[in-house]
Amino acid sequence: MGSHYTLYNKQYNQNIGVGQSVSFGFTVNNGSSANSVSNISLIQINTEKRNTAITIDDSDFEQSDVDQSYFVSGALNDIRGKIEGVDEVSELDYEITSISGIVISSGRIDVAEEWSFSDFDLNYGTNNVTVTATDSSGGKTSASIKLYNTNQDNMGDAIDREELVNDILSQDSDGDGLCNFIEAEVIYTDAFKVDSDEDGIADGNEDCDQDGVSNLIEMDTKTNPAIKDSDEDGLMDGEEIDTYKTDPLSQDTDGDKASDKWEIDNEYDPCVYNNSFVSHSEIKLNEKITEVSLKINGCDGNAAETLSISTIENAMFNNEIPGYIGDCCEFTTQGSFESAEVSYTLEETLFDEEDFVPALYYFNEETQLLEEVANQQINGEIVSATLSHFSKYILINKTVYDKSRVYTLLYNEDDASNYKGMDIVFAIDSSGSMTSNDRSGVRKTVTKNFINVLTENDRAAVVDFDSYASVYSDFTSDSETLNTAVNKIDSSGGTSLSDAMSSAIGLFTSSDYDGDGKARYIVLLTDGQGTYSTAYTTKAKDNGIVVYTVGLGSNVSTSVLTTLAEGTGGEYYHANNADKLKGIFDTIADKTDLYKDSDSDKLKDYYEKEINSGNLRLGTGVKLTGLNYLNADTDSDTLKDGEELEVSKSGHLVYVKMKSNPTTGDTDGDGLLDGTARIINGKRVAPKDPDLLHANGPKGIWQAQFEQESKGISSELGDWYEFNLDLSSFEGGIRSKIAAALGSRALNFKVDDKNIAVHSQVDTWQEIWGYNDFYDLVFRTGTNGNIRKDKFQFSNGDGENYIIWIWCGDYLNLGSGAEMGIYTNPRKAPLINLEHWEAVDFQLPMTLNLYNYNGNDDIENVFSWAPEDTQWWITGFKPDFNQPKVEKMVTLGTIDFTDQEKLYSDLKSEIITDDYLKKFMIFDDENHMVWIIWWEL
């Protein structure tokens, strides 16, 4: 590679003038010509004094009292300065390096007397910023400044560079073993004092989060020194490290799907993998059912931990179930199990009742029927059974329940939904014997009554018969014409059943008949034997005519009339005397209703009447009364009765399947209407009910919201709210520092126009600082844990992550409050397991309401807020509503994604697959509105 020599003119200096030259050389004592020097170069040095100077503007920075660095606590968008002698500068560059010399950012600056540069990153802590000017001859002039950055937003991409972590860790200005970042940003101690609160204990030996682990040890174990329970499994870090020897950074140390906390509570070893748990849950229903106990065997950890029993009360499950003893229970779990055992403990005096036979049934979701659980046993006052699957289960008195299923009901197997009306012929006997059997003309009266209930789509005809038959009226809907024809029926002559049937059938088979598509009936009434040919039975059947026969008195041929009726799909009725005819004709009228839909609601009149009478019931045995067969939408909820109910048959049982209750506009009683949204003055104040059989939120809450909206709610901000942060609820000096730091950023509040609550403004500290779980910790500490939160996380197709964060509880001295915000771009904070989110860069219409919920009849509105301005973060706090019980709080709000339709779809697609989170959101696809109803399950 050769040798490199540098020759210094240690004893010889000479200026070389214009046109002059100089020679120089050196002697090599050893070697040959092959070692001669080549590629000699000269460097020109300008001995004239330069006039270039660089200054960096430090006026926006606070200088440290400890060293020559400057603090950067806010967002630093650019660095500025000046150049003297700018005309001599050809290039201007900057370089930002970490404390160990790692280049964080570098680049070219536009040459100008007043220069600036932007789009750079800083590391947390010390950064050396150097600006270098190069003149036309290659000469360089530099200036440097040391910036101490404490704003994570200034880190940019540097926050993800692992090689910079050691630089952050190495900065321990006070030498207490805790790096500056942890002290300033996580536990809020003074990074430049060994003992921040001057209590004689070094900051490293303090226990910031009071979890039994010192700050220094938490750094070694990589747990979060500011959060008691780093992995949020319900165990404090100190318990996990010292007592249980579990991993404080994993909720499931042994990986068996059961959390460490659950395993400890249920006497399992959280450090030993288990693939077959036994789990147990129990509740008390009432004074009659003192305990429902459920045990699953051979289950995985997830199933063991999520096993639950909940009660159900709705239109299908309530105390109207025949034989009701107690509420229906739903058994659920989110894992697999081999077997399950359930037992119901009953109050022993129940067995004193003679007909008391308790039996366990499960609800078949597909058929909507209660099916008796096989192989159940009764031992003393305990009913038990082994279950193969989970569902809804109810214990009822079998004796009473079975008695409720004795009704024999008609069922239209063909479901003639194309029914166009009915044509019916009344063939009435006018033989001489009627002078004694029907002296009062009851047969004519009941016929006219039947005629008078026909609809405009129905027609009737009248045939008088004795020794022969006469058609007194062809098919017509004119009741006056028909009644006149009936009045002509006399009592004279013999009895010819064949003539009666021939004339009646002829009306249907005539070339003039125009009743295609209509149901066809003949009602034949006689009090005599008469002559009859069965050929007419065949002809009637072939033409789709159903014949109902009525025999009056004791001198009738029952066998002939029965065969005739049943041969066509009809029935025979017998009346000992004329007074019985009314009931019979009413029955026949009801049976013809099986094909009749007077109100065109796709639910036959027969079914509606039987439902109304309590004979036709829901699959659970509950009666459903109040239907109007002449009103297509009985409850005026925009859903036709036939859309809400479906008549079905299983074996001999005819019953009703319920989609929703046609007798009430709110089937599940949650305050949301079955068929439409609730609107006040053109504004949607509640969505259409998405699940008609299950309450969406606590019962009554939506009705309370509707009533609140009816009164009018706040929509504008008023005067400034003077916020005085009370630190007395915080323990220790460290906590007070945290509170003061956050409190100083939380002063941007105003009172609403109704002077009910205070609200943050859109331009607030979170918009700059973002949010993370540590801030939640601060609020939780200041309120003794009286606060609750949930996260609704989702991503879009471009790989961008978003989160809707919701809180409610007692906020310092702000009183009861709630918040909801949309965040994006999560990133891990250096050194600790903490995810930090930024505020989104858009705003949407949002509303927020908070209620104190003590039951359906005791709901108190804390505040309601529907700002006219769009939001990304919406809040409300009521200072005079102090010390609330967070478990009784219900938050209700909306986010209108009309301007972010893609984001709406992304949110919906993820939330509806989460069995927990989907209970708190209702999606209105038509309006791209998300309704949030959030409470403690």
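Let us look at the structure shown here. (Residues numbered from 1 in each chain as written. Predicted model: local features only at pLDDT ≥ 70, side-chain atom pairs only at ≥ 80, totals over all residues. Heavy atoms only, no water.)

Turning our attention to the overall build of the protein. Looking only at helices and strands, the protein has 21 helices and 43 strands in total. The buried share of the protein, taken over its 937 residues, is 51%. A separation of at least 24 residues holds for 64% of the contacts in the protein among residues at least 6 apart in sequence. A total of about 44300 Å² of accessible surface is found on the protein, and carbon and sulfur atoms cover 43% of it. (Helix = DSSP H or I, 4+ residues; strand = E, 2+ residues; numbered from the N terminus. Buried < 20%, exposed > 50% of the residue type's maximum accessible area, 1.4 Å probe, protein only. Contact = heavy atoms within 4.5 Å. Areas by Shrake-Rupley, 256 points an atom, 1.4 Å probe, with all protein chains shown as cover.)

Judged by how many residues are buried, strand β8 (residues 125–135) sits mostly within the fold: nine of 11 residues are covered. Two elements, strand β5 (residues 89–98) and β8, share nine bridges in a ladder whose sense is antiparallel. Residue pairing for β8: Y94 is matched across the bridge by V131. The pairing of β8 with strand β9 (residues 140–149) spans 10 bridges and is antiparallel. Bridge assignment links V131 to a residue of β9, and that residue is A143. From the end of β8 to the start of β9, which pair antiparallel, there are four residues, and G138 there has a positive phi angle of about 95°. (Pairing = 2+ DSSP bridges.)

Once that is clear, we can look at the pattern of salt bridges. Within the structure shown, the criterion is met by 29 salt bridges. Here D60 makes a salt bridge to R80, at a shortest N to O gap of 2.7 Å. Within this pair, whereas D60 is found in the loop between β1 (53–56) and β2 (62–63), its partner R80 is found in strand β4 (residues 78–84), the two being separated by 20 residues in sequence. A residue is classified by how much of its surface remains accessible, and R80, at 32% relative accessible area, is partly exposed. In this structure, the salt-bridge partner of D925 is K908, at a minimum N-O distance of 2.7 Å. Here D925, found in the loop between β42 (921–924) and β43 (929–934), pairs with K908, found in helix α21 (residues 901–911); they are 17 residues apart in sequence, far enough to count as distant. (Salt bridge = Lys/Arg side-chain N within 4 Å of Asp/Glu carboxyl O.)

Before going further, it helps to examine the pairing of strand β15 (residues 358–364). For β15, the tally of buried residues reaches seven of seven residues, placing the bulk of the element in the interior. Residues P358, L360, Y362 and N364 point to one face of β15 and A359, Y361 and F363 to the other, with burial holding for every one of them. When β15 meets strand β19 (residues 392–397), the two strands line up antiparallel, connected through five bridges. Opposite Y361, over in β19, you have I394 as the bridge partner. Examined bridge by bridge, β15 and strand β16 (residues 369–372) share four bridges and lie antiparallel to one another.

As a further point, take the packing of helix α11 (residues 497–509) against helix α12 (residues 535–542). Put simply, α11 and α12 touch, their axes get as near as 10 Å, and they point 20° apart. By the angle class used here, α11 and α12 are roughly parallel. The handedness of the crossing between α11 and α12 comes out as left-handed. Of the residues in α12, those in contact with S498, M501, S502, I505 and T509 of α11 are Y536, K539 and A540. Across the contact of α11 with α12, the residue classes break down as four nonpolar, three polar and one charged. (Axes fitted to C-alpha atoms, helices over the stretch in contact; angles between N-to-C directions. Parallel < 35°, antiparallel > 145°, perpendicular 65-115°, else oblique. Left-handed = near helix turned anticlockwise from the far one by under 90°. Nonpolar A, V, L, I, M, F, W, Y, C, P; charged D, E, K, R; others polar.)

Another point: a negative patch on the surface. Together, E348, D352, E353, E354, D355 and E381 make up a negatively charged patch on the protein surface. Following the sequence through the fold, E348 ends up in the loop between β14 (339–346) and β15. (Patch = residues over 30% accessible without salt bridge, like charges linked within 9 Å, V, L, I, M, F, W, Y side chains within 5 Å. Lys, Arg positive; Asp, Glu negative; His and termini not counted. Charge placed at Lys NZ, Arg CZ, Asp CG, Glu CD.)

Not every positive phi belongs to a glycine, and K222 is a case in point at roughly 65°. Here K222 lies in the loop between α3 (215–221) and α4 (237–244). If you check the backbone angles, T638 has positive phi at about 75° while not being a glycine.

Moving on: the sheet that holds strand β7 (residues 114–118). Strand pairs in the sheet, formed through backbone hydrogen bonds, run parallel or antiparallel to each other. Taken in spatial order, the three strands of this open sheet run β1-β4-β7, and their pairing is antiparallel. Strands at the two margins of the open sheet, each flanked by one partner only, are β1 and β7. This sheet shows a mean twist of 25° between the axes of neighbouring strands, independent of strand direction. Sheet topology places β4 next to β7; five bridges connect them, and they run antiparallel. Looking at the pairing, R80 lines up with S116 of β7.

Our next topic: the environment of N127. Mapped onto the secondary structure, N127 falls in strand β8. Given a relative accessible area of 0%, N127 falls into the buried group. Considering only alpha carbons, one finds N127 and S98, 29 residues apart in sequence, at a separation of 5.0 Å. Within the structure, the side chain of N127 is placed 2.7 Å from the backbone nitrogen of N123, a separation counted as a polar contact. For N127, the side chain forms a polar contact with the main-chain oxygen of G125, separated by 2.8 Å. (Polar contact = N/O pair within 3.5 Å; in protein donor to acceptor, adjacent residues only side chain to side chain.)

Before going further, it helps to spend a moment on the nonpolar core. Ranked by size, the top nonpolar core spans 66 residues in total, and within it W702, I804, M820, I895, F897, L907 and M921 carry the most contacts. Of the residues forming this core, the biggest block, eight residues, is contributed by strand β35 (residues 801–811). In this structure, W702 is in contact with D670, G671, L672, A686, P687, N696, L892, I922, W931 and I933, ignoring residues within four places of it in sequence. In this structure, I54, I96, I104 and L122 belong to the second largest nonpolar core, which totals 39 residues. (Core = buried A, V, L, I, M, F, W, Y, C linked by side-chain atoms within 4.5 Å.)

This next bit is on α4. Along α4, the residues that are buried comprise D237, G238 and E240. Buried positions along α4 lie against α3 and α5 (260–265). Residue K245 follows α4 closely and has a positive phi angle near 60°.

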